[in-house]
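Survey of secondary and tertiary structure
Here's the letter readout for the chains.
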Amino acid sequence: MAANPLSLPRNSRVLRPPISFSTPAFKLIDFPCISVRKKPANDRLLLSCCRGAAVAINGNHSSKIFNDSSAMLFVLFQEMGFNEKDTEALLQANKSLIFTPFEYVRRRIQALQSVGVTGFALSRLIVKRPDVLTAHEIEELLSFLVNDDANLELKGKIEPSRIERLLNSTEPRSLVAFEKKVQLLFMYGIPKENLSHVLNTVNLRKALCLKSLEEMERMLMYLQHFNGVHLILRRPAVLNFDLNTQLIPRIGFLLDLSGGNESATAMVLYKFPFVLSYTVDHVKDHVEFLNSYAGLSNEEIFRIVLIYPGLFSASRQRKLQPRIDFLKQCGLSSNDIFKFLIKAPLFLSLSFEGNISHKLILLLKIGYENRTKELALAMGAVTRCSCKNLQEVIGLFLNYGLTCEDILDMSKKHPQVLQYNHESLEEKLDYLIEEMGRDVRELLGFPAFLGYKLDDRIKHRYEVKRKILGEGLSINKLLSVSAASFSTKSKRKVPVGQIQVPKESEDK
């Protein structure tokens, strides 16, 4: 027999038998670690193992049938760490082990070890599922994982804990065609380099074993309508779902909400694949609430969902209703609420105690009146920034000489001014005052100045115009014109005899 490249753990040993013997009650026993002696008093044979373990066998008791394979298995299991009592119980409860050739079991153990199921994990698996050593269906699975004949680059990449959990929880007959199902994933577009990630993320039993090959193919074909490969790579757990009872109804509801727009539905699924974990009733209740309580149409709701599909994770009682109540108290109509949520959908999910309440206090302190549209719009503008950043922005304006009334005036004209990063604002204020030589109060007439990029727009345009027109150009006219108009005017207004700014300089 050729040497098998797979090996047992270091503390395991199976020696080649140098001696043989026979007894009337047994077939030929050929194993070096076992001796046989007969106790005349009770006519019992005693098999003594090399490490002092012994098992008594009554030749007249039909339930304890020991052949040469079982004797060798007894030693093998003890070498793996099983004690005498557990070993005898294991063999007694699983007669198929006794009648399975020893070499077959030994090779199966080696295969399990080669895929990483070793030590205590292997012992635990054998105790719970002893058929893992005898079932022919498992041989195909282990051969696929060990040899990777399909060249899917999976050898050694499937986590041993995943394999152990699969074998622990799955009937052997459900493991049939496992390799073909993995190949199917590859055929439908999952790259080789991502296959191991997918298999290490999904529930292998649900995703592959409990589905037939035909069912898997139908699921993959259905998901193709919604950028299935990208969806699976983003959230492999999608494969855990049942096509008929889960995926089709849940995706179908979103598709109906979108007016049948598959690409828009695919975008929602990609942005928030966890939405597939919600039942149709859950999603439907959110839609009906926004229909009746906020006065939004299905089309408007889907447009909001397209921007922020996470709203389905917000509790209707604790989040949605109180937020909609706030907007109504501020005087917003259904159309106003729609426009607000298109710009600031995250408002629906923010914590009141940890976020919204702190921002409301700061807005009221700079002069906003409670329960007004201006307050709601300002609240929408600061939805995406942290409470700390908002406080830093207000403090920064005050440090540069502006008053709360000035900040209020600027934010009403340009609400986004309150959400900008305070460090970026400080750089622009310094450049406005120190490099451009302007007064900070010019911002009151054109607060949008603070929204432009410092290097790409403000500095570039100021340097170009300063060479052409000097220092007197207003910051509004400097920045508000389009890039095309600015480039044309810059070329047209160069004085005669003055060297024109090279085109490549304008493009920087």
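Residues numbered from 1 in each chain as written. Predicted model: local features only at pLDDT ≥ 70, side-chain atom pairs only at ≥ 80, totals over all residues. Heavy atoms only, no water.

Considering the packing of helix α13 (residues 243–257) against helix α15 (residues 280–292)
Axis angle and axis distance: for two packed helices, these are the angle between their axes and the distance between the axes, and together they describe the pair. Their axes nearest at 9 Å, the elements α13 and α15 cross at an angle of 20°. Between α13 and α15, the crossing angle belongs to the class labelled roughly parallel. Across the interface between the two elements, Pro249, Arg250, Phe253, Leu254 and Leu257 from α13 touch Val280, Val283, Lys284 and Val287 from α15. Here the contact of α13 with α15 is built from residues that sort into seven nonpolar, no polar and two charged. (Axes fitted to C-alpha atoms, helices over the stretch in contact; angles between N-to-C directions. Helix = DSSP H or I, 4+ residues; strand = E, 2+ residues; numbered from the N terminus. Parallel < 35°, antiparallel > 145°, perpendicular 65-115°, else oblique. Contact = heavy atoms within 4.5 Å. Nonpolar A, V, L, I, M, F, W, Y, C, P; charged D, E, K, R; others polar.)

As for the pattern of salt bridges
This structure, assessed with the given rule, holds 14 salt bridges. We note a salt bridge from Asp455 to Lys459, for which the minimum N-O separation is 3.3 Å. Residue Asp455 and its partner Lys459 are located together in helix α24 (residues 454–469), separated by four residues, close to a single helical turn. Residue classification places Asp455 among the exposed residues on the basis of a relative accessible area of 52%. For Lys459, a relative accessible area of 31% gives the class partly exposed. In this structure, a network of salt bridges that share partners links the residues Glu103, Arg106 and Arg107. (Salt bridge = Lys/Arg side-chain N within 4 Å of Asp/Glu carboxyl O. Buried < 20%, exposed > 50% of the residue type's maximum accessible area, 1.4 Å probe, protein only.)

Brief notes about the environment of Asp131
Tracing the backbone shows Asp131 in the loop between α5 (119–128) and α6 (136–147). For the pair formed by Asp131 and Pro172, sequence separation is 41 residues and the distance between their alpha carbons is 8.1 Å.

Describing helix α2 (residues 84–93)
For α2, every residue scored as buried is listed here: Thr87, Leu90 and Leu91. Seen from one end, α2 has its buried residues packed into an arc of 90°, which puts them on one side. Those residues of α2 that are exposed and aimed more than 90 degrees away from the buried face are Lys85 and Ala93. Capping the start of α2, Asn83 holds a side-chain oxygen 3.2 Å from the backbone nitrogen of Lys85, two or three residues further along. (Arc of directions from axis to C-beta. Polar contact = N/O pair within 3.5 Å; in protein donor to acceptor, adjacent residues only side chain to side chain.)

Some words on the packing of helix α19 (residues 352–365) against helix α20 (residues 373–381)
Running from N to C, α19 and α20 point in directions that differ by 125°, and their axes come no closer than 10 Å. Between α19 and α20, the angle falls in the class oblique. In this structure, α19 meets α20 at a crossing whose hand is right-handed. Across the interface between the two elements, Ile356, Lys359, Leu360, Leu363 and Leu364 of α19 pack against Leu375, Ala378 and Met379 of α20. (Left-handed = near helix turned anticlockwise from the far one by under 90°.)

Let's talk about the packing of aromatic side chains
The full count for this structure, using the stated rule, is ten aromatic pairs. With centroids separated by 6.2 Å and ring planes inclined at 90°, the aromatic side chains of Tyr431 and Tyr462 adopt a geometry described as edge-to-face. Residue Tyr431 is located in helix α23 (residues 422–435), and its partner Tyr462 is located in helix α24; the two are separated by 31 residues in the primary sequence. For Tyr431, a relative accessible area of 8% puts it in the buried group. A network of ring pairs unites the aromatic residues Phe272, Phe274 and Tyr278 as a single cluster. The cationic tip of Arg234 hangs over the ring face of Tyr270; the distance from NZ or CZ to the ring centre is 5.0 Å. (Phe/Tyr/Trp six-rings, centres within 6.5 Å; stacked < 30°, edge-to-face > 60°. Lys NZ or Arg CZ within 6 Å of the ring centre and 35° of its normal.)

Side note on the environment of Lys373
Position of Lys373 relative to the elements: it lies in helix α20. We classify Lys373 as partly exposed; its relative accessible area is 41%. C-alpha of Lys373 to C-alpha of Gln329: the two residues are 44 residues apart in sequence and 9.0 Å apart in space. Here Asp336 takes part through its side chain, which lies 3.4 Å from a polar atom of the side chain of Lys373.

What to know about the confidence of the model for the chain
Model confidence for the chain is summarised by a mean pLDDT of 84, while 81% of its residues fall at 70 or above. Overall, residues 1–66 carries pLDDT values under 50, and its contacts beyond four positions in sequence, including any with other chains, amount to 113 contacts. Of the regions scoring below 50 in pLDDT, residues 494–508 engages in 14 contacts with residues more than four places distant in sequence or in other chains. (pLDDT = per-residue confidence, 0-100.)

Overview of the side chain of Lys359
You can see Lys359 is positioned in helix α19. For Lys359, the residues in contact, after removing those within four places along its chain, are Leu350, Met379, Val382, Thr383, Cys385, Ser386, Cys387 and Leu390.

Describing the nonpolar core
Ranked by size, the top nonpolar core spans 146 residues in total, and within it Phe77, Phe397 and Phe449 carry the most contacts. Here the element with the most residues in this core is α13; it accounts for seven residues. If near-sequence neighbours (up to four positions away) are discounted, Phe397 is found in contact with Leu402, Ile407, Met410, Val417, Leu425, Leu429 and Leu450. (Core = buried A, V, L, I, M, F, W, Y, C linked by side-chain atoms within 4.5 Å.)

Side note on helix α8 (residues 178–187)
For an α-helix the count is 3.6 residues per turn, leaving residues at separations of three or four pointing the same way. Regarding α8, the residues found buried are Phe178, Lys181, Val182, Leu184 and Leu185. Down the axis of α8, the smallest arc covering the buried residues is 150°, so these residues share one side. In this structure, α8 carries Lys180 and Met187 as exposed residues pointing more than 90 degrees from its buried face. Each element contacted by the buried residues of α8 is listed here: α6, α7 (160–169), α9 (192–201), α10 (204–209) and α11 (213–223). Gly189 sits one or two residues past α8 and shows a positive phi near 115°.

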